[in-house]
Amino acid sequence: MSRTRYTPLSLPNKAIWADVADASAERKEHNDCAVRAVTIVTGLDYQTVHAAFIEAGRKPRKGTPRGVTREACKRLGYQWEPVQVRAKTAITAERDPVLRSGRFVVGMTRHLAAMVDGQLIDHTKGKRKRINGAYTLTPIAAVERQHVPIKPIAQTNTQMSLL
């Protein structure tokens with residue numbers, strides 16, 4: 001039986017994970033993988049993200065349903081958008097070309113993890129947890145800007161005569 005090799009977390013990613021884990025421990029939180037993943041992907045502080053999850057309906061020290069996660073992201077000003085990936089497990093996620101650059105929340109069986117520039121920042125790194133999907137968190141202001149129709153400028157009679 002061959003052992004699977006994986007890359008350990010790089011020092012900056014270890015520091016990120018440690019900071020988020022410490023903030024979680026201060027609140028005596030458990031089963032807060034969704035809060036941790038959104039904190040890492042958005043770059044916001046843990047307390048702000050945790051408060052948004054509580055407002056969206058998350059119960060302390062309990063798991064978080066995906067609908068509550070989407071609602072919390074909306075409250076934080078981000079839109080939850082699915083991304084098509086080929087990776088099937090946490091081990092193969094780091095090799096997926098779609099996940100090589102950018103920030104993603106990776107949905108696994110009963111778990112969410114953060115993926116930043118091809119590095120899984122989570123305790124599941126190197127484990128065979130099945131991936132159910134990947135999502136980007138796009139700022140809502142940027143999404144709204146993309147969908148705003150451009151209105152033509154109305155021409156007055158004097159402008160038309162000049163043409």
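For the structure itself, look to the data block above.
As a starting point, this report considers the structure included with it. (Residues numbered from 1 in each chain as written. Predicted model: local features only at pLDDT ≥ 70, side-chain atom pairs only at ≥ 80, totals over all residues. Heavy atoms only, no water.)

### So, the overall build of the protein
Within the protein one finds seven helices and five strands. The proportion of buried residues among the 163 residues of the protein is 41%. By element, 53% of the accessible surface of the protein is carried by carbon and sulfur atoms, the whole surface being about 10,300 Å². (Helix = DSSP H or I, 4+ residues; strand = E, 2+ residues; numbered from the N terminus. Buried < 20%, exposed > 50% of the residue type's maximum accessible area, 1.4 Å probe, protein only. Areas by Shrake-Rupley, 256 points an atom, 1.4 Å probe, with all protein chains shown as cover.)

### Some details on the nonpolar core
Ranked by size, the top nonpolar core spans 27 residues in total, and within it Val38, Ile40, Phe53, Trp80, Val105 and Leu137 carry the most contacts. Elements represented by at least two residues in this core include exactly α1 (11-26), α2 (33-42), α3 (46-56), α4 (66-76), β1 (78-83), β3 (111-116) and β5 (131-139). Counting residues per element, this core draws most heavily on α2, which supplies six residues. Residues within four places of tryptophan 80 in sequence aside, it is in contact with Arg66, Thr69, Arg70, Cys73, Val105, Leu112, Tyr135, Thr136 and Leu137. Counting residues in hydrophobic clusters, the runner-up holds 13 residues, among them Val85, Ala87, Val106 and Met115. (Core = buried A, V, L, I, M, F, W, Y, C linked by side-chain atoms within 4.5 Å. Contact = heavy atoms within 4.5 Å.)

### As for the packing of α2 against α3
The geometry of α2 relative to α3 is characterised by a closest axis approach of 9 Å and an angle of 130° between their N-to-C directions. Here α3 runs oblique to α2, going by the angle between their axes. Crossing handedness for the pair α2 and α3: right-handed. Residues Ala34, Val35, Arg36, Val38, Thr39 and Thr42 of α2 touch α3, and the partners they reach there are Tyr46, Val49, His50 and Phe53. Looking at the contact of α2 with α3 residue by residue, the classes come out as six nonpolar, three polar and one charged. (Axes fitted to C-alpha atoms, helices over the stretch in contact; angles between N-to-C directions. Parallel < 35°, antiparallel > 145°, perpendicular 65-115°, else oblique. Left-handed = near helix turned anticlockwise from the far one by under 90°. Nonpolar A, V, L, I, M, F, W, Y, C, P; charged D, E, K, R; others polar.)

### Remarks on the packing of aromatic side chains
Aromatic ring pairs are defined here through the distance separating the ring centres and the angle between the ring planes. Taken as a whole and assessed by the stated rule, the structure comprises one aromatic pair. Ring centres of tryptophan 80 and tyrosine 135 lie 4.5 Å apart, and the angle between their planes is 25°; on these two criteria the pair is classed as stacked. On the criterion of sequence distance, the pair formed by tryptophan 80 in strand β1 and tyrosine 135 in strand β5 is long-range, its members being 55 residues apart. Tryptophan 80 gets classed as buried once you look at its relative accessible area, which sits at 10%. (Phe/Tyr/Trp six-rings, centres within 6.5 Å; stacked < 30°, edge-to-face > 60°.)

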